[in-house]
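Structural description and commentary
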Amino acid sequence: MNAALEALPVRDDLRGKQPYGAPQLPDAIQLNVNENPHAPSASFVADLAAAVGQAATTLNRYPDREAVALRTDLAGYLSGRTGVALGVEQVWAANGSNEVLQQVCQAFGGPGRLALGFEPSYSMHPLLAAGTSTGWVAERRAADFTLTADQAVAAVTRHRPAITFLTTPNNPTGTVIGLDVVQAVHDATDGVVLVDEAYAEFASTPSAVTLLDRCPRLIVSRTMSKAFAMAGARVGYLAASPAVVDALRLVRLPYHLSALTQAAARVALAHADELLGTVEQVKAQRDRMVREIPASGLRVVPTESNFLLFGPFDAPAQVWQALLDHGVLVRDVSGGPGLAGWLRVNAGTEAETTAFLDALKDVT
Ligand SMILES: *Cc1c(COP(=O)(O)O)cnc(C)c1O
């Protein structure tokens with residue numbers, strides 16, 4: 001912390017913490033935050049502008065606090081993807097899945113309670129725990145970044161967490177967790193189990209949504225930031241039991257989801273086929289990286305997502321800088337637990353991916 005911040009009466013448990021801060025360098029080829037590289041089409045933008053314009057005519061009024069129309073559309077989308085019939089009362093939405101996860105921490109975590117994660121995983125999970133004064137405990141994944149039911153159940157039994165985070169496909173490793181692990185963890189804990197499926201649309205594995213009817217304390221979070229190519233709109237959601245959704249109503253801010261956001265998200269869902277049509281292109285570029293990176297004498301970690309880990313490097317920070325000097329921004333995750341030597345890159349457009357692969361050949 002800087003001296004001026006240190007001098008403020010900031011909460012003791014926030015002192016010394018670092019804010020989330022992936023570099024934002026718009027002039028580079030940005031392959032560092034797992035966005036969909038395909039910008040919205042002109043026809044989608046026109047439909048969105050019309051819907052936002054319509055919503056603007058009533059901006060003197062607060063938005064629908066319950067976002068019923070949007071949640072109904074989300075339930076329909078998720079039902080279509082997973083084959084599980086979901087009602088509006090089982091779906092909740094907020095400003096990005098990060099807000100959804102924060103609300104879960106507010107409702108089910110808090111002082112004196114623990115959240116458990118299996119690292120390396122998404123760096124925001126411990127930060128959201130910290131922000132809600134929820135204790136954080138981490139167990140390590142195996143060296144190949146997998147997680148077995150036995151290992152997960154042993155951890156849950158040992159720590160008795162109020163919230164267990166399972167991320168599949170996992171960020172930053174791209175690896176998946178079997179539904180057997182989710183089911184076993186749920187049955188071994190009294191707490192809630194949050195399966196973070198931010199990258200589900202890129203994976204070939206079944207969704208944990210299929211376990212909801214058997215698992216009353218299961219929560220499955222999703223986002224429109226990745227496959228849906230809507231990171232700038234800030235829309236995340238979850239599926240869970242109606243009782244879990246009721247618990248989240250206790251902590252959400254009134255009218256937390258603006259009328260403009262709700263309108264934009266509904267237009268995106270109406271264009272789901274078009275927006276998700278880019279997923280196959282993204283996966284093709286990912287698979288191309290999986291094939292071509294080893295030609296540079298490197299390894300990649302098997303991935304079911306739109307990104308992958310590549311390395312290992314003796315000096316990952318220098319490779320990161322050298323790639324940036326070639327105009328390509330990737331993510332240096334090498335400081336994370338179990339990640340020494342690894343960098344992460346997400347699939348770009350064909351041209352962006354080519355630029356990355358050329359730069360990589362040059363610097364290695
Ligand atoms: C990107 C990401 C999210 C999404 O965050 P939003 O707030 O919805 O943009 C959630 N979980 C994981 C694991 C992610 O990588």
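Procedures and definitions
Residues numbered from 1 in each chain as written. Predicted model: local features only at pLDDT ≥ 70, side-chain atom pairs only at ≥ 80, totals over all residues. Heavy atoms only, no water. Phe/Tyr/Trp six-rings, centres within 6.5 Å; stacked < 30°, edge-to-face > 60°. Helix = DSSP H or I, 4+ residues; strand = E, 2+ residues; numbered from the N terminus. Buried < 20%, exposed > 50% of the residue type's maximum accessible area, 1.4 Å probe, protein only. Lys NZ or Arg CZ within 6 Å of the ring centre and 35° of its normal. Pairing = 2+ DSSP bridges. Contact = heavy atoms within 4.5 Å. Axes fitted to C-alpha atoms, helices over the stretch in contact; angles between N-to-C directions. Right-handed = clockwise from strand over helix to strand, strands pointing away. Polar contact = N/O pair within 3.5 Å; in protein donor to acceptor, adjacent residues only side chain to side chain. Domains from an automatic or database assignment. Salt bridge = Lys/Arg side-chain N within 4 Å of Asp/Glu carboxyl O. Nonpolar A, V, L, I, M, F, W, Y, C, P; charged D, E, K, R; others polar.

1. What to know about the packing of aromatic side chains
What the rule picks out here adds up to six aromatic pairs. On the basis of an interplanar angle of 50° and a centroid distance of 5.9 Å, the ring pair of W136 and F165 is categorised as tilted. Of this pair, W136 sits in strand 4 (residues 135-140) while F165 sits in strand 5 (residues 163-167), and the two are 29 residues apart along the sequence. Looking at F165, the relative accessible area reads 2%, which means it is buried. Each ring, one from F310 and one from F356, has its centre 5.4 Å from the other, and the planes form 75°; the classification is edge-to-face. Of this pair, F310 sits in strand 10 (residues 307-311) while F356 sits in helix 13 (residues 350-363), and the two are 46 residues apart along the sequence. Taken together through their ring pairs, the aromatic side chains of F310, F313 and F356 make up a single cluster. The ring of F307 carries the charged tip of R344 above its face, separated from the ring centre by 5.6 Å.

2. Focus on the sheet that holds strand 13 (residues 343-346)
Spatially, 9-10-13-12 is the arrangement adopted by the four strands of the open sheet, whose pairing is antiparallel. On the outer flanks of this sheet lie strand 9 (299-300) and strand 12 (331-332), each paired with one strand and no other. As judged from the two bridges shared by strand 12 and strand 13, these two strands associate in the antiparallel manner. Each residue of the ladder has a partner; that of D332, found in strand 13, is L343. Running at roughly 15° to strand 10, helix 11 (residues 278-292) makes contact with strand 9, strand 10 and strand 13 of the sheet.

3. As for the pairing of strand 3 (residues 114-119)
Counting buried positions over the six residues of strand 3 gives five, a clear majority of the element. As defined by bridge partners, strand 3 adjoins strand 4 across six bridges and the pair is classed as parallel. In the strand pairing of strand 4, L116 is matched with V137. Once the chain exits strand 3 it traverses helix 5 (residues 124-131) before rejoining the sheet at strand 4, and the crossover so formed is right-handed.

4. Details of the side chain of T223
Relative to the helices and strands, T223 is located in strand 7 (residues 218-223). At a separation of 2.9 Å, a polar atom in the side chain of T223 contacts the main-chain amide nitrogen of S225. The contact partners of T223, leaving out residues within four places of it in the chain, are S97, A198, V235, G236 and Y237.

5. Considering unusual backbone geometry
Residue P120 follows E119 across a cis peptide bond; omega there is 5°. Assignment of secondary structure puts P120 in the loop between strand 3 and helix 5. Along the chain, T168 connects to P169 via a cis peptide bond; the corresponding omega equals -10°. Inspection of the secondary structure assignment puts P169 in the loop between strand 5 and helix 7 (179-188). Phi angles above zero are rare outside glycine, and R160 is one such case at about 50°.

6. A look at the domain arrangement of the chain
We note that the domain assignment places domain 1 (22-39 + 277-363) and domain 2 (43-270) within the chain. At the interface, 24 residues of domain 1 touch 22 residues of domain 2. For the interface between domain 1 and domain 2, the tally reads zero salt bridges. Put simply, domain 1 and domain 2 have six residue pairs in polar contact (both at pLDDT 80 or more) between them. Within the residue set of the side of domain 1 that touches domain 2, elements represented by two or more residues are helix 11 and strand 10. Along the lines of polarity and charge, the residues of the side of domain 1 that touches domain 2 split into eleven nonpolar, eight polar and five charged.

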